[in-house]
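Structural features, examined
These are the residues of each chain, in order.
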Amino acid sequence: MNASNNISKFPDLDNSSKLIDHILDSDDSEELDELPDISSLVPSARAQSRKQYLKNDSSNSSTYRWNIDLLSSTATIDDSVAKRRKLAVQNLLQYDSTQTFQTGDEIDELIGKSVGSNVLNVLRSNPIYDDDLRYEYCSNSKARVPDWNTLKAECLKDNDLEFNEGIIPTTFGDLLSAKLVPLDIALSICSLQFFRSLGDTTCSEWIANLEKIFYSYKSSSNNLNQIVRFIFETTADMIGIDLAKRQVPIQLERTSASENLKSNLKIKVINFLKCCGTLYRFSDDTVRFEMIQDACRILIDNQVGSFCKWQFSQFMELPISLNPDFLISNIHKVSESPRVWVTILSSLSRSCQKFRKKIAFTLFVGKQSKNDDSDFSSLCQRLDEISASCNNDYTTLLYQIRTFGYAVDEKHFKTNERLECLLEKLRKIDLTISGSTDHLLLSRCEVKDCIHRLFMVLYYLNTNSAPELERIIESDLPNNNKQKDRYFKDKTSNLSMKENKSFSAKKVKKGKKKNKRQAYKR
Amino acid sequence: MNSALKAIIELCIEEDLLPKSLDVLEYLLSTTSIPIPACYIRMCITLLVHPEYPTSSNIQESCNWILQQVVENRSKINFDAWSFENDLSDNDMPKENYLKIFSNQCLFTQDVDYWDLIAYMSSRPPDLERWMSLMDIWLRILEIDAEENGSALMKKYMGEDLCELQDAIRICFSCFTLPQQTMESPFATSMSKAPAKTESRGSNSFEGTSRLANLGAKLLCLIWAMLPKGRFFVVHLTDAFHFLSKLDERFSKLNAKQQDLFFGNLGASNLRYCLSQYILMKGIGIGINIRHTRCEFTKQLTQLLPTSLPKNKIRQKLHLRAWVSFLGSALRESDRNFDKELFYTTLKQLYTMYQQTELVGIDRPMAILKDMLVLLDISKKLSLDKIV
């Protein structure tokens, strides 16, 4: 998309269109997994004629077709991988059914030799992607809602007040607006009601009331930090956040499946994140960092993570807009696992996109981004390191590569040499991974897939081939208008025509596919 | 969006790689500012609630995420996508019209309008949860429509000359009452095989009830925001005035619990402020002059002072609830010259007056009044200087 800005960088239109032809043409040829040599892609190959190029090039790029989704969180769980996984599981089951091996150990040993026993054990027990590794951070906590006396002690200076009625949040908000309640009292009542309502829908109104109080409180009192900490910690306790795990960086762990989740835990956790969003402004750095860590942990929690993605991205906008440097310099403390990095990076919202690149860079390289030159050499160095230290741990490699992908997201390189250098490094990593993308070891083909996609995205972004690709597909347009007419005609016709419509649609579909292919061949 | 991207997305759909096409949309939303054509937004809306697509799958999650991102980017919301009009611009149309997700499966090609969807939800169907998650997003769109688009979308839902207004009010109120009958899914007529009819209703739980009530109340507020009013007062014989009288009529038919639910969910809205004035003025039979803007509270309060109760018992209860919400909203809408003493005495007067009536079913509003009184009492006793 942005590649159109860079047409001037790689003027060799002929060359790139060859590649596109090749990509689009590759439907029915056999798959090969090696990446094309850089020299065949970048301008140094300009001298080659098109014919010569096609003759020499035996590579096939069918896997690059979906390069656009490189950064999507589920990019590797695509259909083809699912098929391969299914195949792998079938193969495995056959091992078991033929009973060639006597003991489980023997099977494991044999499998371990060729495909890596860990991965296959996981496959065998559960073929679904995310269930292999679990992380549970929130639970149905037994923590009790603090009572009025505790709250009084926390918030009130004057302690002989009794209040225990069920006031509704709107009325309370009304009184606050007119400034009819002293702040100390308001704070105690409001936090009490907030804790009580944590699992239901009125909670966000109480949070809004709390925010109002904090803003007034900020100017008049100096123990706000302490109160904020108290509210944050109590809420964390109420959603069952495992305080013992706070001390160690996030790691994914294997656990047995837990008992059923109470439905209101989701709501509680979402309200907790909303509450953190409000408290963040009024906290000191220690509490802020704990909030960021807790938010990240909730995100990777298998039970509630997926429901909280949106609220997480909303929360993360605060540290990003309020104190980005603090976040950057501490983000690596959150977790050392590249898998966690990718989950966090893929859950940041659109408005954080520029910043995401910086976070990804810090996580990938291990230090903060400085200037373009030193950044580039750090990236290269790190790429060398990860390929050297990979040691058959392809899952880690996969997530490292994806983090790298985020770090160079939409990046345009100043010079062709830089692009060449990075592409060459990617190609080297790809070559060090033995086997093809059809290999039984799934993590291996996933990482290869990922590298291939990244390779193509970097290439497209920095050359003029993307507009060329678009032009070819655009040229397919004329058929489209006819179809639209037909559609409207069908829509306005009466019900008896409905049958007809689907029939004609099918016919159009077939004819169209044919046209499409011819257009590509042209 | 250019047609190359459309081609990629639709090729994925065609090849049964739906999650893949959603991935592309997610990618576009998270890295570019390309506006998403209406047809894909409608696709996500459909996928969220269509019974042929399973609940709690990755597809649902992606659709939710995409729609939320669309809402977040509020300056570029494509309101056409959310209207039930099918005359879309070229850019908003898919390339491949024949794909069923754009044609007979699509929610917007069904024979329904927006109010039909709400009516379906108010019958508490088994898939209420799915529809709720869609409506959460839809409400945000309508809120932005009211704030930035002059309620143009809501006007479309209301039809020419507000012909849907009556129906809309009835349907919004059905969110507060128990369902009368089961309703067919909006997709029922277009599905290849009819969905299995389950007798089991959706959640009759507290959570379902309160979320539906919240939806109904918010929609009423959005309709209220759309209706043209006078400069300071709601002008007689206008649609806005008519709307308030209809609400008053419907409201008086709810039972005590439902009435509490109703006012509780109106929140701090302008509708709460105006409706409570309407009910009060009608109850004591004075000329109805409803302010809908910030006003001099003291003046208004003296006009309404609770000297006597309406004769009718039902009206008396209504009156009390209206007082509670009027006092509440008056606090918000009032200006600096707000008379705290007057407010306090009014509150006390009201409380003692109703304490003597021995009416049944006014526990909730009385509890709220008491809370307010207790709080104000405490504040007075403690340190008046603290109250800035």
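Analysis parameters
Residues numbered from 1 in each chain as written. Chains lettered and ligands numbered in written order. Predicted model: local features only at pLDDT ≥ 70, side-chain atom pairs only at ≥ 80, totals over all residues. Heavy atoms only, no water. Helix = DSSP H or I, 4+ residues; strand = E, 2+ residues; numbered from the N terminus. Contact = heavy atoms within 4.5 Å. Areas by Shrake-Rupley, 256 points an atom, 1.4 Å probe, with all protein chains shown as cover. Buried < 20%, exposed > 50% of the residue type's maximum accessible area, 1.4 Å probe, protein only. Expected span 1.5 Å × (residues − 1). pLDDT = per-residue confidence, 0-100. Axes fitted to C-alpha atoms, helices over the stretch in contact; angles between N-to-C directions. Parallel < 35°, antiparallel > 145°, perpendicular 65-115°, else oblique. Left-handed = near helix turned anticlockwise from the far one by under 90°. Nonpolar A, V, L, I, M, F, W, Y, C, P; charged D, E, K, R; others polar. Salt bridge = Lys/Arg side-chain N within 4 Å of Asp/Glu carboxyl O. Core = buried A, V, L, I, M, F, W, Y, C linked by side-chain atoms within 4.5 Å. Polar contact = N/O pair within 3.5 Å; in protein donor to acceptor, adjacent residues only side chain to side chain.

**Some remarks on the overall build of chain A**
- Check the secondary structure of chain A and you find 24 helices and zero strands.
- Of the contacts formed within chain A by residues at least 6 apart in sequence, a portion of 80% connects residues at least 24 apart.
- Accessible surface, chain A as shown: approximately 24,000 Å² in total, 49% of it carbon and sulfur.

**Some thoughts on the overall build of chain B**
- Helix and strand counts for chain B come out as 16 helices and zero strands.
- A burial count over chain B gives 59% of its 388 residues as buried.
- A separation threshold of at least 6 residues defines the contact pool for chain B, and within that pool the share at least 24 residues apart is 75%.
- Entry remark: accessible area of chain B is about 16,100 Å², with carbon and sulfur atoms responsible for 51%.

**Some details on helix α20 (residues 416-432) of chain A**
- Between its first and last C-alpha atoms α20(A) spans 24 Å; for 17 residues at 1.5 Å apiece the expected length is 24 Å, and the two agree.
- When α20(A) is considered as a whole, its buried residues turn out to be A:Arg418, A:Leu419, A:Leu422, A:Leu423, A:Lys425, A:Leu426, A:Arg427, A:Ile429 and A:Asp430.

**Notes on the confidence of the model for chain A**
- Mean pLDDT for chain A: 66, with 53% of residues reaching 70 or above.
- A low-confidence stretch, residues 42-79 of chain A (pLDDT under 50), is modelled with 92 contacts involving residues beyond four sequence positions or located in other chains.

**Quick word on unusual backbone geometry**
Residues and elements named next belong to chain B.
- Here Asp-161, not a glycine, exhibits a phi torsion of approximately 50 degrees, which is positive.
- Within the secondary structure, Asp-161 is located in the loop between α7 (152-158) and α8 (165-174).
- One non-glycine residue with positive phi stands out, namely Leu-237, at about 60 degrees.
- Residue Leu-237 is classed as exposed on the basis of its relative accessible area, which comes to 85%.

**Considering the packing of helix α9 (residues 183-196) of chain A against helix α10 (residues 203-220) of chain A**
Residue and element names in this part refer to chain A.
- Running from amino to carboxyl end, α9 crosses α10 at an angle of 155 degrees, the nearest separation of the two axes being 9 Å. In terms of orientation, α9 lies roughly antiparallel with respect to α10. Between α9 and α10 lies a crossing whose hand is left-handed. Along its contact with α9, which presents Leu-183, Asp-184, Ala-186, Leu-187, Cys-190, Ser-191, Gln-193 and Phe-194, the element α10 presents Cys-203, Trp-206, Ile-207, Asn-209, Leu-210, Ile-213, Phe-214, Ser-216, Tyr-217 and Ser-220.
- Each residue belonging to the contact of α9 with α10 can be placed in one class, and the counts come to twelve nonpolar, five polar and one charged.

**Description of the pattern of salt bridges**
- A full pass over the atoms with the stated rule returns 18 salt bridges over all chains.
- As a salt-bridge pair, B:Asp167 and B:Arg170 come within 3.4 Å of each other at their nearest N and O atoms. Residue B:Asp167 and its partner B:Arg170 are located together in helix α8, separated by three residues, close to a single helical turn.
- The exposure class assigned to B:Asp167 is partly exposed, which follows from its relative accessible area of 34%.
- Salt bridges here are not isolated pairs; linked through shared partners, they connect A:Asp174, B:Arg272 and B:Arg332.

**Topic: the side chain of A:Thr278**
- Turning to its location among the elements, A:Thr278 is positioned in helix α12 (residues 264-279).
- Discounting residues that sit within four places of it in the chain, A:Thr278 has contacts with A:Ile207 and A:Glu211.

**Observations concerning the nonpolar core**
- One finds B:Trp82, B:Trp115, B:Trp138, B:Leu219 and B:Ile223 to be the most contacted residues of the largest nonpolar core, which totals 254 residues.
- Dropping the residues within four chain positions of it, B:Leu219 is found in contact with B:Tyr114, B:Trp115, B:Ile118, B:Leu139, B:Leu142, B:Met154 and B:Cys172.

**Digging into the side chain of B:Arg124**
Residues and elements named next belong to chain B.
- Locating Arg-124 in the fold gives a position in the loop between α5 (114-122) and α6 (128-148).
- A relative accessible area of 2% means that Arg-124 is categorised as buried.
- Of note is the side chain of Arg-124, whose polar atom sits 3.2 Å from the side chain of Thr-209.

**Some words on the environment of B:His236**
All names here are of chain B.
- The topology assignment puts His-236 in the loop between α9 (206-226) and α10 (239-253).
- When the C-alpha atoms of His-236 and Ile-288 are compared, they prove to be 8.5 Å apart, with 52 residues separating the residues in sequence.
- Not counting the four nearest positions on each side in its chain, His-236 is found in contact with Phe-241, Ile-288 and Asn-289.

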